[in-house]
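# Inside the fold
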Amino acid sequence: MTPPPARRPAARSPQAVHVAEEVERAVAEGRPVLALESTIFTHGLPRPRNLDVALEAERQLRESGVVPATIGVHAGVPTVGLSTEQITELAATDGLDKVSLRDLPVVAALGRHGGTTVAATAFLAHRAGVRVFSTGGLGGVHFGASESFDESADLTTLAATPVTVISAGVKSILDIRATLERFETLNIPVLGYRTLRYPGFYVTDSGHTVNFSVDSPEQAAAVIEARDRLDLPQAVLIANPVHPDKQLPPEELDGILARAWAEAERQGVTGNASTPFLLDFIQRDTGGRSLEVNVEVYRGNVRLGGEIATALAVTAPAGA
């Protein structure tokens, strides 16, 4: 009787998410780690400023004892903790995909590069055990959403992803009042950092308020720990306003936004194309001043995110 052929070992499935060894070790040891998104340098800033800002953020964190975990998709691999070489490559590559949560399986299967949005970055950070994430501005509800249903996937993702996100509010082109209402409906707590005035990304005060504020990284960490003890699924949002001396003059912003929307309507720009078009218009209309505010916002949020990650590391047991 002929013996059956030897069975070949099953091929190993490719790793769904790659977590850099440095990040994985720091998470396991309970050391501070901060997640950073990649769209700021793949889609948000012009070259060569984009790479300078990305690498500066990582240096800023390392100097304060925090491990940076820049998140993006490299050659189809969602990665938590991109290397300097990978960041440099993504920052120099044209035509990268802007990857939200729904796009992750597509770009992974097709082996594409991509910059991850707030939604995708938050998901990947949480999957890797990284508890704190700093970005510039959040997505939210667009004007006219009652008819277009145009609102960011950031909202529903953050309602189901227990990370902490530090931002300077939602992007100024959005309907901030409606976005704050949606945060409330989705049970997402929004805390001002040393303020009850909700920031408007380019400006310190959007004209809207929040119910609670925290005055220190330690207070923020206490809220996060309380959320986790209650086993709640949603993110905690920390709204960190840009310093008044660094903001765009508030009296100018309404006029800039009005011109931006009018030009978008004239050119028939709608849907996913609206946000990059409007932000680019604002940059050109302000002679580049909005770009400087954008960078200042990001620096401040990275700094505060590192401080909150450090405060959490002090209170959390290793491997938590």
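Residues numbered from 1 in each chain as written. Predicted model: local features only at pLDDT ≥ 70, side-chain atom pairs only at ≥ 80, totals over all residues. Heavy atoms only, no water.

## Quick word on unusual backbone geometry
- Here arginine 47 and proline 48 are connected by a cis peptide whose omega angle stands at 0°.
- Mapped onto the fold, proline 48 is located in the loop between α2 (39–44) and α3 (49–63).
- One non-glycine residue with positive phi stands out, namely asparagine 187, at about 65°.
- When you line up the elements, asparagine 187 lands in the loop between α9 (176–185) and β9 (190–193). (Helix = DSSP H or I, 4+ residues; strand = E, 2+ residues; numbered from the N terminus.)

## Things to note about the nonpolar core
- Of all hydrophobic cores here, the largest spans 64 residues; its most connected members are Val23, Val80, Val130, Leu158, Phe183, Tyr198 and Leu237.
- Grouped together as the second largest cluster of nonpolar side chains are 35 residues, Ala57, Leu90, Ile224 and Ile238 included. (Core = buried A, V, L, I, M, F, W, Y, C linked by side-chain atoms within 4.5 Å. Buried < 20%, exposed > 50% of the residue type's maximum accessible area, 1.4 Å probe, protein only.)

## Observations regarding the environment of glycine 300
- Take glycine 300: it is sitting in helix α13 (residues 289–315).
- Sequence separation of glycine 300 and proline 162 is 138 residues, and the distance between their C-alpha atoms is 22 Å.

## Looking at the environment of phenylalanine 183
- With respect to the helices and strands, phenylalanine 183 occurs in helix α9.
- Phenylalanine 183 sits 109 residues away from histidine 74 along the chain, and the two C-alpha atoms are 32 Å apart.
- The residues contacting phenylalanine 183, other than those within four sequence positions of it, are Leu138, Leu155, Val170, Ile188, Val190, Tyr198 and Leu237. (Contact = heavy atoms within 4.5 Å.)

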